[in-house]
Amino acid sequence: MTVNQLDPTPLWQQLAAIIRERIKAGEYEPRQPLPSETQLIQEHGIARGTVRRAMKALGEEGWTVTVQGRGTFVKPAEEWPES
């Protein structure tokens, strides 16, 4: 699953939804790091700012936590927002 350039939904929202679904599906496990910005840029063919905005949204929603200099990690399942 990757972002759809033709979809009118903003790319950062599409990316956040993709990552959220991968977390729920267990593809990205609790307490494990998410792919780096560079990896996400290459995988989805989008700009760094788009990736950062998606990561910020996931953090604000309560799915992830970012540690300066270490990366972005999936929060423990008991801390996930209700969905």
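For the structure, see preceding data.
Residues numbered from 1 in each chain as written. Predicted model: local features only at pLDDT ≥ 70, side-chain atom pairs only at ≥ 80, totals over all residues. Heavy atoms only, no water.

> Can you break down the overall build of the protein residue by residue, with the values?
Each helix and strand in the protein was counted, giving three helices and two strands. In the protein, the order of α-helices and β-strands from amino to carboxyl end is α-α-α-β-β. Scaling as 2.2 N^0.38, a compact globule of 83 residues should have a C-alpha radius of gyration of about 12 Å, and the protein matches this with 12 Å. Dimensions of the protein, computed from C-alpha atoms along their principal axes, come out at roughly 35 × 30 × 20 Å. Counting the 83 residues in the protein, one finds 35% classified as buried. Summarising the internal contacts of the protein: among those between residues at least 6 apart in sequence, 50% fall at separations of at least 24. (Helix = DSSP H or I, 4+ residues; strand = E, 2+ residues; numbered from the N terminus. Rg over C-alpha atoms; globule rule 2.2 N^0.38 Å. Buried < 20%, exposed > 50% of the residue type's maximum accessible area, 1.4 Å probe, protein only. Contact = heavy atoms within 4.5 Å.)

> Go over unusual backbone geometry with me, naming the residues and quoting the values.
Unlike most non-glycine residues, Arg31 shows phi in positive territory, near 70°. Examined against the element boundaries, Arg31 turns out to sit in the loop between α1 (11–24) and α2 (37–44).

> Outline α2, listing residues and values.
Along α2, the residues that are buried comprise Leu40, Ile41 and His44. Looking straight down α2, one finds its buried side chains confined to an arc of 105°; they lie on one side. Looking at the buried side of α2, the elements it contacts are α1 and α3 (48–61). (Arc of directions from axis to C-beta.)

> Requested: an account of the packing of aromatic side chains, with residues and values cited.
Within the structure shown, the criterion is met by one aromatic pair. Arranged with centres 5.4 Å apart and planes meeting at 50°, the rings of Trp63 and Trp80 form a pair that is tilted. Of the two residues, Trp63 sits in the loop between α3 and β1 (64–67) while Trp80 sits in the segment after β2 (71–74), which places them 17 residues apart along the sequence. (Phe/Tyr/Trp six-rings, centres within 6.5 Å; stacked < 30°, edge-to-face > 60°.)

> Any chance you could break down the environment of Pro30 for me, citing the residues and the numbers?
Mapping Pro30 onto the fold places it in the loop between α1 and α2. Since its relative accessible area comes to 32%, Pro30 is described here as partly exposed. Spatially, the C-alpha atoms of Pro30 and Gly45 are 26 Å apart, while their sequence positions differ by 15 residues. Ignoring anything within four residues of it in the chain, the contact list for Pro30 reads Val74, Lys75, Pro76, Ala77 and Trp80.

> Mind laying out the pairing of β1, listing which residues take part and the relevant values?
Note: β1 against β2, four bridges, orientation antiparallel. Across the sheet, the residue bridging to Val67 is Gly71, located in β2. (Pairing = 2+ DSSP bridges.)

In short, the description is geometric, and any link to function would need to be established separately.
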